[in-house]
Amino acid sequence: MCIMEDAVSRSSVESSSTNDDYVVVNGEPKLKITGDINDLNDEVSQSSKKMTSTLTPSSSLGADPQSPISSVDNVFPSSQSTGAIGEDPVSGDRVTDEGYTTFNGVTYLGCALVNAPRSEVEIYRNMSILNEQSKQAIPIELYVPRTSEGNVRLVDPGTDTDIACYKIHRILFCARGPSDSEEKMCFAFTCSHGDNPDSAIFQCHVFRCELQEAVAKILYSFATSFRRLPKSIGRSTSSISEAEVTAIFSVNLEFKEDDGKGSYSTCPKDKNIFKFRCDYDKKIVISVTQTGNKELRIERCFGLLLSPGRNVKDGDMHLIEMNSMGYSSDGRTYSISGNWEISEECFKVLDTETPKDTRVFLTVAVDLVICGIQEPVRFAIETKAKIFPHNERFWYFTKKPHQEQFFVKLKLTETDAPDVVQYEVVEVQSQTQIDRQKAGMSLQGLKHHRQMSEGVQSPQDDEESDGDEPLLSGSGVVSKEVTDDNLLEAWHEVLVKWHQNLSQRPKQVQQLAKKGIPEALRGEVWQLLAGCHDNSELMEAYRILITKESPMESVIQRDINRTFPAHAFFKQSGGLGQDSLYRISKAYSVYDEEIGYVQGLSFLAAALLLHMPEEQAFSVLVKICFDYELRDLFKQGFEVLHLKFYQLERLMQDLTGDLYEHFMEMGLEIHMFASQWFLTLFTAKFPLFLVFHILDLFLCEGKDVIFNVAIALLKMSRKDLLALDFEGILKYFRVHMPKKYRTEEAARELMAAAVSAKVTSKKLKKYEKEYITMKEQEMQQEDPIERMERENKRLLEDNMRLEQENDDLAHELVDSKLTLKSELDEVQDQNKEMKTDLTKHKKLLKDTQEEKHRLEVENQQVKEMCRKELERLETENSRNTVIVTDYKQICTQLSERLEKQQTAHREELSRIKILVKSCEACSKMFDADGKVNLPEPKIDPEKMNPKIVDLQQQVRELELELAQTKLALVESECKTQDLTHSLHAAVSEIQASKNTWFTKTLNSIKEVANTHTGKKEPKD
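The structure reproduced in this document is the subject of the present report. All values derive from a computational prediction rather than experimental measurement. (Residues numbered from 1 in each chain as written. Predicted model: local features only at pLDDT ≥ 70, side-chain atom pairs only at ≥ 80, totals over all residues. Heavy atoms only, no water.)

Some words on the overall build of the protein
Rules: Secondary structure elements are taken from DSSP: a helix is a run of H or I of four residues or more, a strand is a run of E of two residues or more, and numbering for both begins at the N terminus. To sort residues, take the accessible area from a 1.4 Å probe on protein chains only and compare it with the maximum for the residue type: under 20% means buried, over 50% means exposed, and anything in between is partly exposed.
When its secondary structure is counted, the protein shows 30 helices and 23 strands. The 1020 residues of the protein split such that 40% are buried.

Pasting the structure below:
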């Protein structure tokens, strides 16, 4: 057996933070097989006819076209999968009774350590190396289990003993050798070894078959084993499901762009499309919040990754440098941020300007280590972006992040410690994936989507279909792009002028609103039209109202899911959109106690929330209800609503007489189809593009616009309505009429007809008078007792309501008095404390001022001393400068004299040497070097005079005494010099001002001069 360390593989693969091959060891791996499974299918079928050796015929594959085996990724779920294949296994040499498929004629070439167990490059390289270099190949019988709970056995054919055994669920990857290479008869699989991700290693095991056709059969047997469950597992499915739990995480994604000022600003977002600008570095911010009942704490972030495109392979993701990670102050949200350097080559497509009407996809992933889960969990978010030029300016700016919900299915695992709860990940799915699967749009089902007999359609499919299902509220896509530059420039000029004087609406607004307000400006313009731009009073009231309780909370909560279910912002239960809509509806029910909560207003509130924050949306809603009198339609008895019905009926009679007659013949009354128009302002059923345009005109021109739109709808559907019966008409109003305006062209045509409709306020006033007269006549014809009873009942109800309001006001008054009393006591205590603090600070201020005055006086004195000392030093410096100049001049003169004397002495010495050399007798007294070479005088002691000898002895003694005296004189001068230095040092310490370098130099020169003078005198 050959086991080798593949050093190349360790350096050529990505780190574990960028590859989910390292995530699951003992959990639920997925078997991946290279090549196309359909090719394996054909090859196995053909080879079963050709193989005439010990192989038995294989059964028909009979693969289901919807089986995951034919999926585009060729990924097979592991043994934990609950789906089993119904066909028989592909036979090898024989199918044993123990549940194994046996293959003969297989040689085991060896194994190698790898770091990327699902990398085809690594598998092929190791296969090639072992096929060429392996010298100890072992012939074996290969036993492949028929179920996902068995072991792959390598058996010695001679002794029938196991050589090695590998659990099938630990096999991660299978590959066959390329058909055009020397490894065409080889196959390999990778297997994990270890009890946890930290200690796990991955080995690649390589085999060679005697027949090339056997390779396909073996790989197919592996795939079949992974898909088939043992009977024992089938019986215990219920017990397994009971141990499974689902954790729900809500993940928000934001992109921030470098603003060139040292900080980052949030990138704008149009629907689910982010808007980026070229050449700007960006920051990625991800917030993870757990919303389910199963509470799990995030330990840390294992990696933040990014890649262009969607359906990105794990190996193609690129690691992003993380800035920070951790929980927020409330401990509920875990935030991760990282820097995205856009200049990197791999992100070039995300830094290139996109053509018009095109988008680019990008995928952001985050790997989280969660307490109680064996392996890291990856959340991958796919989104879209549009790249604009470097200097692009955006009109619309939203702070709403991209939101995705993830469902993590966990299975309880057994641990050695009884008190420790450990889970393994069974499946991670996003809400988007679930919606795709429900709609039959998942990648696995894409090929056979049309063959499905039954399926659940998504709201997007409903929008495009012409079936009998009504269009869901909130349908349609509204783009914020403006193609007419002149229109955008006109609005810009109007808004600048309007902001200068908010009390006066510019004249051009009405004409521009008829064409439709640009989507990017609607939030701002609607607030200006409603007269609540920066209405701090209503916004502050909203913040207080949401803290109060409402008797309608249960009804509001029930209706939230019915409002704009087709829109992504309101689709998620418990999401940001539904929470905001709940708070606004609750706040209005408390604010307007007479009306309370009605479902019609929630649709209008939802439309406002799509363009502005909660506080501003509440302010506009209040203005619409009170200033535009929408709340009058909901008042008790619906008298105003019935007036509107009568006015619309009279308009139909005048403007669409034939349609009015047809409705009368069918017995169709106005309230049967028009009540929702008035109560919801057309927001409940029609596409959003049309809804927003209607609100543009409503806020600009007033409540009578509802009649213009209603007449335009009836006129444009006149031919269809005339051809229908009673039930057909009601179905047309409910289903087909809203779908008719799904396109922007149809909606614009309708609004043009509404603007040109001949509905005047004068005509509506006339119809109102007719209605009042008619009601008065009915009341006169009515029995007076019944009328009085009805009036008495109404007055009793009003009285009870007023009494209730009076009681509420009395309670509020008492509560206010108690609150004010408590606040007054607190203020008085604070006042007393502040007075004490004031006295203490006054004293401290006085002491500080005195200290300041003292320091100022000392400072002045120090300045004066410094000035005098500076003047003295300057004078001394001038004097010293003069002395130095004189000293330099004297030294120069002495140097000149010395040089002259030395020159004269050298000349005299040279002259004497010449004279000596010219004398024959004297020249013998000097050697070649010029030194005196006198012969030793020979003295005859007998001839010497004794007196001379004595005198010579006395002379030597006197010379010795003279030398001793000179030595004593030098020692005394040295001591004098040391005492002089000590004296100067003492004087320097006493008078620091005189201790300058110049003074020391002069003293040293003087002492040296004196020393030289003293030495010369004894010599003389």
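Thoughts on the side chain of threonine 363
Worth spelling out the cut-off: What qualifies as a polar contact is a pair of N or O atoms within 3.5 Å, subject to a donor-acceptor requirement within protein and to the restriction that residues adjacent in sequence count only when both atoms come from side chains. Contacts are assigned to residue pairs that have any heavy atoms within 4.5 Å of one another.
In this structure, threonine 363 sits in strand E20 (residues 360-370). Here the side chain of threonine 363 touches glycine 309 through a polar contact of 2.7 Å, landing on its backbone oxygen. Look past the residues within four positions of threonine 363 in its chain and what remains in contact with it is Leu305, Leu306, Ser307, Gly309, Arg310, Val312, Met317, Ala380, Ile381 and Glu382.

With respect to unusual backbone geometry
For residues other than glycine, phi is negative in most cases, and the peptide bonds are mostly trans. With a phi angle near 65°, aspartate 279 is a residue other than glycine that sits in the positive phi range. Looking at the element boundaries, aspartate 279 is found in the loop between strand E15 (273-277) and strand E16 (282-290). Phi is positive for leucine 681, close to 55°, though the residue is something other than glycine. Residue position: leucine 681 is located in the loop between helix H20 (671-680) and helix H21 (688-701). Leucine 681 sits in the buried class, given a relative accessible area of 2%.

Side note on the packing of helix H9 (residues 485-500) against helix H10 (residues 508-515)
Geometry of a packed helix pair, given as the angle between the helix axes and the separation of the axes. Spelled out, the test is: Convention adopted: a line fitted to C-alpha atoms gives each axis, helices being fitted over their contacting stretch, and angles between N-to-C directions are expressed from 0 to 180 degrees. The handedness criterion is simple: a crossing whose near helix is rotated anticlockwise from the far helix by less than a right angle is left-handed, and one whose near helix is rotated clockwise is right-handed. Lys, Arg, Asp and Glu make up the charged group, whereas Ala, Val, Leu, Ile, Met, Phe, Trp, Tyr, Cys and Pro make up the nonpolar group; the residues left over, Gly among them, are polar.
Look at H9 against H10: their axes get within 11 Å of each other, and the N-to-C directions meet at 140°. Of the two possible hands of crossing, H9 and H10 adopt the one that is left-handed. Facing Leu487, Ala490, Trp491, Val494 and Trp498 of H9, the residues of H10 in contact are Gln508, Val509, Leu512 and Ala513. Here the contact of H9 with H10 is composed, by residue class, of eight nonpolar, one polar and no charged.

Remarks on the pairing of strand E23 (residues 422-430)
As a reminder of what qualifies: Here, strands pair whenever DSSP counts at least two bridges between them.
Most of E23 sits out of view: seven of its nine residues are buried. In the sheet, strand E22 (residues 402-413) pairs with E23 via eight bridges, with the strands oriented antiparallel. By the bridge assignment for E23, phenylalanine 406 is matched with serine 430.

Here's the deal with H10
For the record, the criterion: Think of it as the arc spanned by the lines of direction from the helix axis to the C-beta atoms.
Among all positions in H10, only Val509, Leu512 and Ala513 are buried. Around the axis of H10, the buried residues are gathered within 105° of arc, so they sit on the same side. In the segment just after H10, glycine 516 is the residue with positive phi, at about 105°.

Focus on the layout of surface pockets
How we decide: Here the term cavity refers to a set of points on a 1 Å grid, laid over the protein atoms alone, in which a 1.4 Å probe fits but cannot get out; the term pocket refers to an open set having protein on both sides within 12 Å along at least five of seven lines, with lining residues being those that place an atom within 4 Å of a point. Grid points are joined across faces, edges and corners, and a volume is the space filled by probe spheres set on the points.
Estimated volume of the second largest pocket: approximately 970 Å³. Considering the residues around the second largest pocket, the lining is formed by 29 residues, among which Gln636, Gly637, Phe638, Glu639 and Arg794 are closest to the centre. The biggest single contributor to the lining of the second largest pocket is helix H27 (residues 784-918), with eight residues. Per-class residue counts for the lining of the second largest pocket are nine nonpolar, three polar and 17 charged.

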